[in-house]
Structures are given as structure tokens and as C-alpha cells.
Amino acid sequence: MKTAVGDRPVVVDLFAGAGLLSCAFMREGFVLGRAVEKDALAAATYAANLGDHVECSDIQSLSPGGNCDVLVAG
């Protein structure tokens, strides 16, 4: 299954914090598909800097979904 957007791979970031890993992948041309962060302040910082695709939630309560070529966890 091809999940990339065009020729750009999609990244999912778990334990995303304020988004440092996501920012690095974005700068290298990856598409930020989904991010999950439990801490509300960190998730708000992520959203302000990288977009509203971040979810403020405990990963244990989530279901898999969407596209993912690269999975990172900080």
C-alpha cells in the first residue's frame, strides 16, 4: 500500500511534545500526518507551530488510522 502524499512520505509522531521531531521531519520534506501528545500545554505549542493535526490524548485510548510511512516516538 502506498501511503505517501505525492512523493513525500507521511510521518506520525507519538509522544510528540512541542514538535521538535516533527519539525525536523517537515524540514526534510516529509508530510506531518498525525501527532499525539498527552500534555495539553505541549500539544498547544505543537499546534501553534506545526498545525492542528496534533491530538491531545493518551495513546492508549486511540485507534490506528490514516496514512503512515514513518512512525516516530520521542
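Rules behind the numbers
Residues numbered from 1 in each chain as written. Predicted model: local features only at pLDDT ≥ 70, side-chain atom pairs only at ≥ 80, totals over all residues. Heavy atoms only, no water. Helix = DSSP H or I, 4+ residues; strand = E, 2+ residues; numbered from the N terminus. Rg over C-alpha atoms; globule rule 2.2 N^0.38 Å. Buried < 20%, exposed > 50% of the residue type's maximum accessible area, 1.4 Å probe, protein only. Contact = heavy atoms within 4.5 Å. Areas by Shrake-Rupley, 256 points an atom, 1.4 Å probe, with all protein chains shown as cover. Lys, Arg positive; Asp, Glu negative; His and termini not counted. Charge placed at Lys NZ, Arg CZ, Asp CG, Glu CD. Salt bridge = Lys/Arg side-chain N within 4 Å of Asp/Glu carboxyl O.

(A) Structural view of the overall build of the chain. Across its full length, the chain carries 2 helices and 4 strands. The N-to-C order of helical and strand elements in the chain reads β-α-β-α-β-β. Expected size for 74 residues packed as a compact globule is a radius of gyration near 11 Å; at 11 Å, the chain falls within 12% of this value. Dimensions of the chain, computed from C-alpha atoms along their principal axes, come out at roughly 35 × 25 × 20 Å. Counting the 74 residues in the chain, one finds 34% classified as buried. Put simply, 48% of the contacts in the chain that link residues at least 6 apart link residues at least 24 apart. Surface accessibility of the chain: about 4600 Å² in total, with carbon and sulfur atoms responsible for 57%. Charge-centre separation for the chain: the mean point of 5 positive side chains lies 4 Å from the mean point of 9 negative side chains.

(B) Quick peek at the pattern of salt bridges. Using the criterion set out here, one finds 2 salt bridges in the structure. One salt bridge connects Arg34 with Glu55, and the closest N-O pair in it is separated by 2.4 Å. Of this pair, Arg34 sits in strand β2 (residues 31–37) while Glu55 sits in strand β3 (residues 54–56), and the two are 21 residues apart along the sequence. Exposure remark for Arg34: the relative accessible area of 18% places this residue in the buried category. When its relative accessible area of 25% is taken as the criterion, Glu55 is described as partly exposed.

All quantities given are derived from atomic positions and should not be read as evidence of function.
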